[in-house]
Amino acid sequence: MKTIRFSIWEDGEYTWPQGYGFVPFLTGYLHEDNKERPCVLVVPGGAYYIASPTEAGIVALDFYHKGYQTFVLTYTTNLLGTIPLKDQPMRDLARAVRIVRSRSNEYSIKPDCIATCGFSAGGHLAASLATLYSSDKTRPDFQILFYPVISMQKGVTHGGSRKNLIGENPSQELEQKYSLERQVSPRTPQAFIMLSSDDD
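Because the structure is a prediction, the values reported are computed rather than measured.

**Student:** Run through the pairing of strand 2 (residues 25-30), naming residues and quoting values.
**Tutor:** A large share of strand 2 lies buried, amounting to six of its six residues. Of the two faces of strand 2, the one carrying Phe25, Thr27 and Tyr29 and the one carrying Leu26, Gly28 and Leu30 are both buried. Pairing analysis gives six bridges linking strand 1 (residues 2-7) to strand 2, with the strands arranged antiparallel. Looking across to strand 2, one finds that Arg5 is bridged to Thr27. In this sheet, strand 4 (residues 69-74) lies alongside strand 2 in antiparallel orientation, the contact comprising five bridges. When the sheet's bridge partners are listed, Phe25 is paired in strand 4 with Thr74.

**Student:** Please set out the pattern of salt bridges residue by residue, giving values where relevant.
**Tutor:** Within this structure, the stated rule accounts for seven salt bridges. For Lys66, the salt bridge goes to Asp62, with nearest N and O atoms at 3.2 Å. We classify Asp62 as partly exposed; its relative accessible area is 43%.

**Student:** Can you lay out the nonpolar core for me, pointing to particular residues and giving the numbers?
**Tutor:** When a protein is soluble and globular, its nonpolar side chains tend to lie buried together. Grouped together as the largest cluster of nonpolar side chains are 36 residues, with contacts concentrated most on Leu26, Leu41, Phe71, Leu73, Leu93 and Val100. Elements with a contribution of two residues or more to this core: strand 1, strand 2, strand 3 (37-43), strand 4, helix 2 (88-102), strand 5 (109-119), helix 4 (121-132) and helix 5 (159-166). A per-element tally of this core places helix 2 first, with seven residues. Apart from the residues lying within four places of it in its own chain, the contact partners of Leu26 are Ile4, Arg5, Phe6, Ile8, Leu41, Phe71, Val72, Leu73, Ala96 and Val100. Counting 13 residues, the second largest nonpolar core, distinct from the first, contains Tyr29, Val40, Ala56 and Ile144.

**Student:** An account of the packing of aromatic side chains is requested, with residue identities and associated values reported.
**Tutor:** Two measures describe an aromatic ring pair: the distance that separates the ring centres and the angle between the ring planes. Throughout the structure, instances matching the rule amount to six aromatic pairs. With a centroid separation of 6.5 Å and an interplanar angle of 80°, the aromatic rings of Tyr14 and Phe22 are classed as edge-to-face. Taking the relative accessible area as the measure of exposure, Tyr14 reaches 15% and is therefore buried. Aromatic pair Phe22 and Phe25: ring centres 6.4 Å apart, planes at 65°, arrangement edge-to-face. Taking relative accessible area as the criterion, Phe22 reaches 29% and is therefore assigned partly exposed. Here a set of aromatic residues connected by ring pairs shows up, and it is made of Tyr14, Phe22 and Phe25. The aromatic ring of Phe25 is capped on one face by Arg5, whose charged end is 3.6 Å from the ring centroid. One Lys or Arg, Arg103, reaches over the ring of Phe6 and ends 4.8 Å from the middle of that ring.

**Student:** Mind laying out unusual backbone geometry, listing which residues take part and the relevant values?
**Tutor:** A positive phi angle, near 60°, is found at Tyr48, a position not held by glycine. Tracing the chain through its elements places Tyr48 in the loop between strand 3 and helix 1 (57-65). Even without a glycine there, the phi angle at Tyr147 is positive, about 35°.

How each quantity is defined
Residues numbered from 1 in each chain as written. Predicted model: local features only at pLDDT ≥ 70, side-chain atom pairs only at ≥ 80, totals over all residues. Heavy atoms only, no water. Buried < 20%, exposed > 50% of the residue type's maximum accessible area, 1.4 Å probe, protein only. Helix = DSSP H or I, 4+ residues; strand = E, 2+ residues; numbered from the N terminus. Pairing = 2+ DSSP bridges. Salt bridge = Lys/Arg side-chain N within 4 Å of Asp/Glu carboxyl O. Core = buried A, V, L, I, M, F, W, Y, C linked by side-chain atoms within 4.5 Å. Contact = heavy atoms within 4.5 Å. Phe/Tyr/Trp six-rings, centres within 6.5 Å; stacked < 30°, edge-to-face > 60°. Lys NZ or Arg CZ within 6 Å of the ring centre and 35° of its normal.

Structure, rendered in structure tokens:
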């Protein structure tokens, strides 16, 4: 197994004002047999406050052992909680998908078999890209959503994820945009969705 890690933004490209030296990065777990394989890009949860390590490498390694090329995205989160993230995490994930697809030959990846796999708020992020993607280069081919946050409607969603992503008092337009049950179209990639037995 080959393990790699690299920033997804070049110097000067990453402009999140509260990054304080952090730059989102990918960690890859790659087979080295030159066999072209499907790819899973894991997006950890953590209420858009952190990227949880328990939903990161261990998941990627499980997919790796099942024959996939795998990556984990450590994306922008709202650790300080002073300004909402809005589209920054989705920009990170779009960039990650674009990079992985553009380097498919280098990483022995089938460029039309790239899935995103998100947990909780990471599920919301994966589903955001799957419904709001800006081009075919950033559109995942499949999405795997584990107990995902989906709506951003107040009172029916996870409050911490909502606050960190769109703020305490978001505009109706922003709330609607990130309520992803309203954004599904015929061009949305298929999804496998798993919930836990105690999810309300």
